[in-house]
Amino acid sequence: MAKDTPQTFYLKDYTPFGYDVESVHLTFRLTPETTRILSRIRFAPKPDATDSTFFLHGEDLTLISARIDGQAVTPDLVEGGLKCEVPGTPFTWEAEVEINPAGNTALEGLYMSNRMYCTQCEAEGFRKITYYPDRPDVMSTFTVRIEGDEPVMLSNGNPMGQGEGWAEWHDPWPKPAYLFALVAGDLVNYAGAFTTRSGKEVELNIWVRPGDEGKCAFGMEALKKSMKWDEDVYGLEYDLDLFNIVAVDDFNMGAMENKGLNIFNSSCVLASPETSTDANFERIEAIIAHEYFHNWTGNRITCRDWFQLCLKEGLTVFRDAQFTADMRSEPVKRIDDVIALRARQFPEDGGPLAHPPRPEEFQEINNFYTATVYEKGAEVIGMLKRLVGDDNYYKALKLYFERHDGQACTIEDWLKVFEDATGRDLQQFKLWYSQAGTPRLKVSEDYADGTYTLTFEQSTPPTPGQPDKAPRVIPVAVGLLSPNGDEVRATEVLELTEAKQSFSFDGLAARPVPSILREFSAPVILQRETTNAERAFLLAHDTDPFNRWEAGNALAKETRVTMVLDGDAPDAAYLDALEKLVRDDDQDPAFRALVLTPPSQADIAQTLHERGFTPDPQKIYDAAETFAQTLAQQLETSLPRLYAATTADGAYVPDAEGAGKRALNGRILSLLTRLDGGDQAARQYAAADNMTQQYAALAALMKAEKGAAQSQAFFDQWQDDRLVMDKWFALQIACAAPEKTAATAAALTRHALFDMKNPNRFRAVMGALAGNHAGFHHASGEAYQLLADNLIALDTLNPQTTARMCAAFQTWKRYGTGRQSLIRAQLTRIANAPDLSRDTTEMVTRILDA
Ligand code: 0A1
Ligand code: ZN
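Quick notes on the rules
Residues numbered from 1 in each chain as written. Chains lettered and ligands numbered in written order. Predicted model: local features only at pLDDT ≥ 70, side-chain atom pairs only at ≥ 80, totals over all residues. Heavy atoms only, no water. Helix = DSSP H or I, 4+ residues; strand = E, 2+ residues; numbered from the N terminus. Rg over C-alpha atoms; globule rule 2.2 N^0.38 Å. Buried < 20%, exposed > 50% of the residue type's maximum accessible area, 1.4 Å probe, protein only. Contact = heavy atoms within 4.5 Å. Donors = N, O, S within 2.8 Å, 3.2 Å for Na, K, Ca; no water. Near = heavy atom within 4 Å. Polar contact = N/O pair within 3.5 Å; in protein donor to acceptor, adjacent residues only side chain to side chain. Areas by Shrake-Rupley, 256 points an atom, 1.4 Å probe, with all protein chains shown as cover. Nonpolar A, V, L, I, M, F, W, Y, C, P; charged D, E, K, R; others polar. Pairing = 2+ DSSP bridges. Axes fitted to C-alpha atoms, helices over the stretch in contact; angles between N-to-C directions. Disulfide = S-S within 2.5 Å. Parallel < 35°, antiparallel > 145°, perpendicular 65-115°, else oblique. Left-handed = near helix turned anticlockwise from the far one by under 90°.

### Quick notes on the overall build of the chain
- When its secondary structure is counted, the chain shows 27 helices and 31 strands.
- A compact globule built from 850 residues would reach a C-alpha radius of gyration of about 29 Å, and the chain, at 27 Å, matches this within 12%.
- Each principal axis of the C-alpha atoms in the chain carries an extent, and together these give about 85 × 65 × 60 Å.
- The 850 residues of the chain split such that 58% are buried.
- Long-range pairs, those at least 24 residues apart, make up 70% of the contacts in the chain with a sequence separation of at least 6.

Here's what the structure looks like:
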């Protein structure tokens, strides 16, 4: 059907569906190209319906037959679904449709991945399986019969029976269609068990392709830890007798929380020391927790409509971050999250794609699974918790689960439980959900007669559709240090509500050094005149680990910005401070690794842009290289000792302590490689028995252009492992010099193992291209063109992944006119590609309209 005039959906237009769905029975007759689905659905007209149109969504379906109460009917096939005359009393709708899973490269609905059937229904994929009111506020129980030759055939809920060529499932919990799932194929299970605190025995399985059983143990442990943690911290128990996880190779996102049958991108569940890095292990633990936590925040309490997406995603990200902080290190998790927020959410919030955590309109909801909905959505909850305090937070959450279990809710419902539990008025706080853009917080200070005064001015730049913004509630955690480094005021949360507001601290013996926005208490950009000496002081003395890191990070940025703008050499005082910290064995290795990790080049570009300069990616690259080289030379005499001291002995364990040590060791190795020509890295590569060290050594060598032999060896060793090969593809592009980046990526798209249909492989190559800042923005424009070529080609196969990757161009307006016109030409070329999908059209249009 024609998609010429894309439809826009608005939050304000919400109307409930006119019918209750009392039960859903589905029969799947599986064959790769002509799967038949028979549905039998019991509908009951709602007595108070405002709109009783009987419209069922449906896309890419061939309708074979339809019946109401056993009588054949001929529905009207309309854009996006069907309409039908129906009785005014409860009735049974039956339909038979045919679909083609093998031809489904969009990976939405029922599709095939490596000869295995699987589904992805969030957000609106169920309408590609059968005609249905495919909206999250329509909840029902599902009974599913699967007929086919596959050895394993799974769906949601509990198994009801199985025999030769069939299996039946029933999910007793009413759910929206987006949580439906079906998997069928040649799978083996890695089994586990969990006893809930009320004594219920739950069978756990991770289903994988034969051969991958050895990569399930870590994921299983992570699942059990998540189940236990949700009981201990939130009092939430699992509610079925069975919890299944399935790993699939072709998946658009990370994973999906389908009720009782989570489906995972194999990269987010399969792990082994030989094939996964520490970062992979940590991410897998977090994603398994995230999907598990959705069972309550998402499934038991779901969203009324897709505008409320952050209701489940922001809260679930917040919960998984709490979990990771508890399992690993709280400050390290916070620092990692803030780095990610600044790298992914700040550019979104400051560019053409800016939208509030709860958007008010969309064309394609798949384009709103964003850093703003997820990560900023979680930040908003973090602020709420800080404002009401821990006890009130858990009191409100308890009320939320009691009051709304089994419902499809809104942000208003969510805030109301906090108001009711705490007596607090959250009207102004709610602006965080409706306003886009990152607030700027300008700080000035004054000291006289023992009284120190901090004055804050907040403002938020205009974003698309929102020229002016009212002041928000901003919790600013502040502590004060005396000039000798002692803390003279412990952390206190200042609550900003006005455009300009002052706070005083009296009884001070001397002018204090403020530590502002501790733990990054609000997602804002702090603007404050300060000196490098003060930053170095905070790096040495702050009692808040986040702000200690932040001080080091600010120093690193200042140094690099000055190098770029003035061509200066790296700041000597900063180098000294770094050296002191790195050599201090009393300091946590993970913390030292973080301080030693330079700000990304994209981050420097963003900082320059914020200060009104046009970033030059090549100069930023050169400054990064000079800085690293100078640091390596400064540390020359200590590097071999540090390398030895941080080299882990004993068996590899992917825990926080080991990971912190290896992260520091990796940073040291990369510096050492700048001085020893790669000798140590080559030895490490040869000796490595785990992927973290093998990969770190290979990366150091490739960066030094000394890794040809090891890269070939890596390929020979791992060519049959898809996930490891994704690393091999990405690393070559990430390590390429700016002038070679596009050519390296182009050559890899011609490699026999490049497969555009596999989102992981596509992202490994195109994501690495967009992520190599100086290479992507090389003045030749070759990288822009290569990305556009590939996006145009992918769009005909997989619109969702194509549209997401268009965001690589979202910062285009911050670069110089030459680069802008090169990018505009590519965006225009994409926009004009024949039959461009609705997903990509929306993204390119929004980016171009900037
Ligand atoms: N709800 C999942 C993420 C997800 C979203 C959309 C998908 O397809 C469009 C797939 C997965 C989560 O938050 O983990
Ligand atoms: Zn989620």
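Resuming the write-up.
### Details of the coordination of the zinc ion (ligand 2)
- Within the first shell, the zinc ion (ligand 2) binds the protein through His-290 (NE2), His-294 (NE2) and Glu-313 (OE), at distances of 1.9 to 2.0 Å.
- Coordination of the zinc ion (ligand 2) draws on donor residues from a single chain, spaced H-x3-H-x18-E in sequence. Placement of His-294 in the loop between helix H2 (278-293) and strand S22 (302-303) and of Glu-313 in helix H3 (residues 309-327) is noted, with a sequence separation of 19 residues between them. Just as His-294 is buried, Glu-313 falls in that class too.

### What about unusual backbone geometry?
- At the junction of Glu-122 and Ala-123, the peptide bond is cis and its omega measures out at -5° in the coordinates.
- Relative to the assigned elements, Ala-123 resides in the loop between strand S11 (116-120) and strand S12 (140-147).
- A positive phi angle is found at Phe-520, which is not glycine, with a value near 50°.

### Some words on the site of ligand 1
- Not every one of the 15 residues close to ligand 1 is listed here, only the nearest: Glu-122, Glu-257, Glu-291, Glu-313 and Tyr-374.
- With respect to ligand 1, the backbone of Ala-255 contributes an N or O atom lying 3.2 Å from an oxygen atom.
- For ligand 1, an oxygen atom lies 3.5 Å from a polar atom in the side chain of His-294.
- For ligand 1, whose free accessible area comes to 370 Å², the fraction covered by protein is 96%.
- Secondary structure elements with two or more residues in the shell around ligand 1: strand S20 (255-256), H2 and H3.
- Classifying every residue of the shell around ligand 1 by side-chain character gives 5 nonpolar, 5 polar and 5 charged.

### Topic: the sheet that holds strand S19 (residues 242-248)
- In spatial order, the strands read S17-S18-S19-S21-S20; together these 5 strands make up an open sheet with mixed pairing. Each of the sheet's edge strands pairs with one partner strand only, and the pair in question is strand S17 (188-195) and S20.
- Pairing of strand S18 (residues 201-208) with S19, which is carried by 5 bridges, proceeds in the parallel orientation. Paired with Glu-203 across the strands is Leu-242, a residue of S19.
- Packing of helix H1 (residues 217-234) onto the sheet brings it into contact with S17, S18 and S19, and relative to S17 it is tilted by some 25°.
- Contacts between H2 and the sheet are confined to S19, S20 and strand S21 (261-265), with S21 contributing the most and set at about 150° to the helix.

### Details of the sheet that holds strand S10 (residues 109-113)
- The strand order across the open sheet built from 4 strands is S10-S11-S16-S13, with neighbouring strands paired in antiparallel fashion. Strands at the two margins of the open sheet, each flanked by one partner only, are S10 and strand S13 (152-155). Taking the axes of each pair of neighbouring strands and ignoring which way they run, one obtains an average angle of 20° across the sheet.
- The pairing of S10 with S11 spans 5 bridges and is antiparallel. Across the sheet, residue Leu-110 finds its bridge partner in S11, namely Thr-119.

### Digging into the state of the cysteines
- One pass over the full model with this rule turns up 0 disulfides.
- With no disulfide of its own, Cys-216 lies closest to Cys-268 among cysteine sulfurs, the gap being 14 Å.
- In this model Cys-409 remains outside any disulfide bridge; the closest cysteine sulfur is found in Cys-303, 8.6 Å from its own.
- For Cys-409, a relative accessible area of 0% gives the class buried.

### Quick notes on the packing of helix H4 (residues 330-349) against helix H5 (residues 371-388)
- Remark: H4 packs on H5, axes separated minimally by 10 Å, with the N-to-C direction vectors making an angle of 130°. By the angle between their directions, the pair H4 and H5 is classed as oblique. Between H4 and H5 the crossing geometry is left-handed. Contact with H4, carried on its side by Arg-334, Leu-341, Arg-344, Gln-345, Glu-348 and Asp-349, involves Ala-371, Thr-372, Glu-375, Lys-376 and Glu-379 of H5 and no other residues of that element.
- Taken together, the residues of the contact of H4 with H5 break down into 2 nonpolar, 2 polar and 7 charged.

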